[in-house]
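Residue-level listing of the chains:
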Amino acid sequence: MARTKKKNGADAAPMTTSQMLGSLLKSARDIMRKDKGLNGDLDRLPLLTWIMFLKFLDDLEQQREEETALSGKKFKAAIEAPYRWRDWAADPQGITGDELLSFINAEEAVRADGKKGPGLFAYLRALSSSNGDNRRDVIATVFKGVDNRMKSGYLLRDIINKVGGIHFTSSDELHTLGALYESMLREMRDAAGDSGEFYTPRAVVRFMVEVTDPRLGETVLDPASGTGGFLVETYNHLEKQVKTVADRKRLQDETITGCEPKSLPYLLCQMNLLLHGLDAPQIDPGNALRFKLSEIGEKERVDVILTNPPFGGEEEKGIQGNFPEDRQTAETALLFLQLIMRKLKRQPTSVGRPARAAVVVPNGTLFGDGVCARIKEELLKDFNLHTIVRLPNGVFAPYTSIPTNILFFDRSCQTKEVWYYEQPLPDGRKNYTKTQPMQFEEFKGCMAWWTKREENDQAWRVSAKELRDANCNLDRKNPRSKVDFEHLPPDQLAEDILKKELRIAELMRKIKTTLGASA
């Protein structure tokens, strides 16, 4: 078995292969299926996540403690004894059964050192960054949204022992575990059904990151992070640009931020980023829309925004009050679009590029009038809305069948023209499904066109003046494709149906007249 090396040259724990890690996680999930307190993957994945989270933290803390000792400095632990993983979980023969459940769940319990004190969750939820360690705030926020639903302390001990076999200090194992974790997230989202609001297909995420191309030195935000798909892909994209220790520090500390107010996606996002290599993810646990729009200044602005904000939702009046009177709406997607426009820096970024955004929006945003049209008018006037990619049907199946688009805009200048690109379905396909989702390779044609733009069967352009003259209706169909009724705006669709109905009535009158004449 391969072994990893510690920094002092000594052999560390044996490295776990991809196959062994997959088998280990499967065993843990099989054990969870036996517990009466858990119902499906929606319960199992959060439980496995918080257990892995604590093991991950302790591995990281032990590594940093060793490094700090070598430098002669004093180490400040984020989690103190006897609440560290090594104190109560590492020994396979350690506390179990009701004693273990009590230690985790109770407000006061007998700890691993034999003394009475706060239970594990009570201790973790009370942590604060008063000692200067921001990770303590993150830990407290994570565990305020977590409950232990397992009924059997013996089964819980078995799972803890399984997770104890994972070595989070090995970058190879982390890489493997990150991929396995993503597959578990997908399974959980499939189980979630209509809770799929925080799911964006990996192919779409990667395409948006590739063409937006964040550069090291730029700040990147996803104000609706969900489980962290955009942030993980951005981290992977930027990591390839790291060349020095200073680059690594900049990527770790000053580059990636997110916002996710729901406790479960927040926990999953933190873990997703940790597993992919971001040591202290900066994810705001509040609603990104809670700030007054007019009070967001230059220091709160960022260079790049990549996101798929929730659509179809409705925000409360208090949140709507944070927006200008003539732009207030309950539609979440439109509030997020305004936030994104406000959050983009007005000056070029540190690498000389304009601040830019890529945002997934439903079709309704393209043809909407009223408040929606006023927002789009600002988008055309104050931003360069250079590209709209129209995604094919079923990209978000099975969560929603609503047609969707990706808006790409930046702060370089006023919009002169908008390029449209209609992403085709693969030959012979009429839709995407859960078992046959969109693949990143399908974007190759669009990515080749991206830097050498010409009108063709998929791409066309419309001047900004024409769009403004049409009350900022951005819903322009491909002039070379067949009429797609799903992409027609409601007024055009109604007019088209009326014309056909009148034509049918006219034909029926002629038939009736002909029949009357021949009778």
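The shown structure was predicted, so the numbers you read here are calculated from the model rather than taken from an experiment. (Residues numbered from 1 in each chain as written. Predicted model: local features only at pLDDT ≥ 70, side-chain atom pairs only at ≥ 80, totals over all residues. Heavy atoms only, no water.)

## Brief notes about the overall build of the chain
Applied cut-off: The way it works is that DSSP assigns letters per residue, a run of H or I at least four long becomes a helix, a run of E at least two long becomes a strand, and they are numbered from the N terminus. When checking whether two residues touch, look at their non-hydrogen atoms; a contact exists if any pair is within 4.5 Å. Residue exposure ignores everything except the shown protein chains as possible cover, and the areas themselves are Shrake-Rupley values with a 1.4 Å probe.
Along the chain, the regular secondary structure elements total 19 helices and 13 strands. Considering only contacts in the chain between residues 6 or more positions apart, those separated by 24 or more positions represent 74%. Here the chain displays about 24900 Å² of accessible surface, and carbon together with sulfur accounts for 50% of that area.

## A word on the side chain of Lys376
Condition: In this scheme, a residue with accessible area under 20% of its type's maximum is buried, one over 50% is exposed, and one in between is partly exposed, where area comes from a 1.4 Å probe on protein chains only. Residues counted as positive are Lys and Arg, residues counted as negative are Asp and Glu, and His and the chain ends are not counted. Take a side-chain nitrogen of Lys or Arg and a carboxyl oxygen of Asp or Glu: if they are within 4 Å of each other, that pair is a salt bridge.
Tracing the sequence through the fold places Lys376 in helix H16 (residues 371-382). This buried residue, Lys376, is left without a salt bridge; Asp369 holds the nearest opposite charge, at 7.9 Å. When neighbours within four sequence positions are excluded, Lys376 is seen to be in contact with Thr365, Leu366, Phe367, Gly368, Cys472, Asn473 and Leu474.

## Things to note about the pattern of salt bridges
Applying the stated rule across the entire model yields 25 salt bridges. Measuring nitrogen to oxygen at the nearest pair gives 3.4 Å for the salt bridge that ties Arg86 to Glu65. Taken together, the residues Arg86 in helix H3 (residues 85-88) and Glu65 in helix H2 (residues 41-70) connect sequence positions 21 residues apart. Its relative accessible area of 25% is what places Arg86 among the partly exposed residues. Residue classification places Glu65 among the partly exposed residues on the basis of a relative accessible area of 32%. Here Lys249 makes a salt bridge to Asp253, at a shortest N to O gap of 2.8 Å. With a gap of four residues between them, Lys249 and Asp253 both fall in helix H11 (residues 245-254), about one helical turn apart.

## Details of helix H10 (residues 229-239)
The buried fraction of H10 is high, at eight of eleven residues. Those residues of H10 lying buried are Phe230, Leu231, Val232, Glu233, Thr234, Tyr235, His237 and Leu238.

## Focus: the confidence of the model for the chain
In plain terms, the rule: The predictor attaches a confidence to each residue, called pLDDT, with possible values from 0 through 100.
For the chain, the mean per-residue pLDDT works out to 86, and 90% of the residues sit at or above 70. Low pLDDT, under 50, characterises residues 1-11; the predicted model gives this stretch 21 contacts beyond four residues in sequence or across chains. Confidence drops under a pLDDT of 50 for residues 193-198, and excluding neighbours within four residues, the segment shows eight contacts in the predicted structure.

## Some thoughts on the packing of H2 against helix H6 (residues 135-144)
The condition that has to hold: Between N-to-C directions, angles span 0 to 180 degrees; the directions come from axes that are lines fitted to C-alpha atoms, helices contributing only their stretch in contact. We call two directions roughly parallel when the angle between them is under 35 degrees, roughly antiparallel when it is over 145, roughly perpendicular when it lies between 65 and 115, and oblique otherwise. With the far helix as reference, a near helix turned anticlockwise by less than a right angle produces a left-handed crossing, and one turned clockwise produces a right-handed crossing.
Interhelical geometry of H2 versus H6 gives an angle of 165° and a closest axis separation of 12 Å. With respect to H6, the axis of H2 lies roughly antiparallel. Crossing hand, H2 versus H6: left-handed. When H2 is examined against H6, the residues Trp50, Phe53, Leu54, Leu57, Glu61 and Arg64 are found in contact with a partner set consisting of Arg135, Ile139, Val142 and Phe143.

## Description of empty space enclosed by the protein
Which entries qualify depends on this criterion: Of the grid points, spaced at 1 Å and generated over the protein atoms alone, those admitting a 1.4 Å probe that cannot get out make up cavities, while open sets with protein on both sides within 12 Å along at least five of seven lines make up pockets; any residue with an atom within 4 Å of a point is treated as lining. Grid points are joined across faces, edges and corners, and a volume is the space filled by probe spheres set on the points. Each residue gets one of three labels, nonpolar for Ala, Val, Leu, Ile, Met, Phe, Trp, Tyr, Cys and Pro, charged for Asp, Glu, Lys and Arg, and polar for the others, Gly among them. Residue ranges for the domains trace back to a domain assignment, done automatically or taken from a database.
In total, this model carries five cavities of 30 Å³ or more according to the counting rule given. As for the largest cavity, its lining consists of Phe53, Leu57, Leu60, Arg135, Val138, Ile139, Gln270, Leu274, Asp279, Ala280 and Pro281. Of all the elements in the fold, those that place two or more residues in the lining of the largest cavity are H2, H6 and helix H12 (263-276). Here the residues of the lining of the largest cavity are counted per class, giving eight nonpolar, one polar and two charged. A domain split of the lining of the largest cavity shows at least three residues from each of domain 1 (18-170) and domain 2 (202-470).

## Notes on the packing of aromatic side chains
The cut-off we apply is this: Here a Phe, Tyr or Trp ring, Trp counted by its six-membered ring, pairs with any other such ring whose centre lies within 6.5 Å, and the pair is stacked when the planes are under 30 degrees apart, edge-to-face when over 60, and tilted otherwise.
All told, the structure shown has 17 aromatic pairs when counted by the stated rule. Geometrically, the ring pair formed by Tyr83 and Tyr123 is stacked, given 4.0 Å between the ring centres and 5° between the ring planes. Separated by 40 residues along the polypeptide, Tyr83 in the loop between H2 and H3 and Tyr123 in helix H5 (residues 120-125) bring together distant segments of the chain. Taken as a pair, Tyr83 and Tyr123 share a single burial class, namely buried. Where Phe408 meets Trp450, the ring centres are 4.8 Å apart and the plane angle is 70°; that geometry is what we call edge-to-face. Of this pair, Phe408 sits in strand E11 (residues 404-410) while Trp450 sits in helix H17 (residues 444-450), and the two are 42 residues apart along the sequence. By relative accessible area, which is 14% here, Trp450 ends up buried. By way of ring pairs, the aromatic residues Phe207, Phe408, Trp419, Tyr421, Phe443, Trp449 and Trp450 are connected into one cluster.

## Considering the nonpolar core
The cut-off we apply is this: For our purposes a nonpolar core is just a set of buried Ala, Val, Leu, Ile, Met, Phe, Trp, Tyr and Cys residues, chained together by side-chain atoms within 4.5 Å.
Ranked by internal contacts, the top residues of the largest apolar core, which has 71 residues, are Met52, Trp88, Leu124, Phe143 and Ile159. Among the elements that take part in this core, H2 stands out by supplying eleven residues, more than any other. Counting 30 residues, the second largest nonpolar core, distinct from the first, contains Cys372, Leu385, Ile388 and Leu474.

## Some words on a nonpolar patch on the surface
Put simply, the rule reads: Within the patch definition used here, like charges are joined within 9 Å and nonpolar side chains (Val, Leu, Ile, Met, Phe, Trp, Tyr) within 5 Å, considering only residues with over 30% relative accessible area and no salt bridge.
Where nonpolar side chains cluster on the molecular surface, the patch consists of Ile504, Leu507, Met508, Ile511 and Leu515 and spans about 480 Å² of accessible area. Tracing the backbone shows Leu515 in helix H19 (residues 490-518).

## What to know about the pairing of strand E6 (residues 256-259)
Short version of the rule: The rule for pairing is simple: two strands pair if DSSP sees at least two bridges between them. Here a crossover is taken to be right-handed if, once the strands point away from the viewer, the path from the first strand over the helix to the second is traced clockwise.
As judged from the three bridges shared by strand E5 (residues 220-222) and E6, these two strands associate in the parallel manner. Within the sheet, the bridge partner assigned to Leu221 lies in E6 and is Thr257. Viewed along the sheet, the connection from E6 through H12 into strand E7 (residues 282-284) turns out right-handed.

## Here we look at the pairing of strand E12 (residues 417-422)
Bridge count between strand E10 (residues 384-390) and E12: four bridges; the pairing is parallel. Among the inter-strand pairings, Val389 is bridged to a residue of E12, identified as Tyr421. Sheet analysis places E12 next to strand E13 (residues 459-463), joined by five bridges and oriented antiparallel. Directly across from Val418, in E13, lies its bridge partner Val462.

## Section: the sheet that holds E6
Read across the open sheet, the nine strands follow the order E7-E6-E5-E8-E9-E11-E10-E12-E13; overall the sheet is mixed. Looking at which strands have only one partner, the edges of the open sheet turn out to be E7 and E13. Here the average twist between neighbouring strands, direction ignored, is 20°. Packed on one face of the sheet, helix H9 (residues 202-212) meets strand E8 (304-307), strand E9 (356-362), E10 and E11 and runs near 20° to E11. Across the sheet, helix H14 (residues 332-343) touches E5, E8, E9 and E11, and the angle it forms with E11 is around 20°.

## Re the layout of surface pockets
Roughly 950 Å³ of internal volume is contained in the largest pocket. Around the largest pocket sit 43 residues that line it, and Asp253, Thr257, Pro281, Gln282 and Ile283 are the ones nearest its centre. The biggest single contributor to the lining of the largest pocket is H11, with five residues. Of the residues that constitute the lining of the largest pocket, the class distribution is 15 nonpolar, eleven polar and 17 charged. Each of domain 1 (18-170) and domain 2 (202-470) accounts for three or more of the residues forming the lining of the largest pocket.

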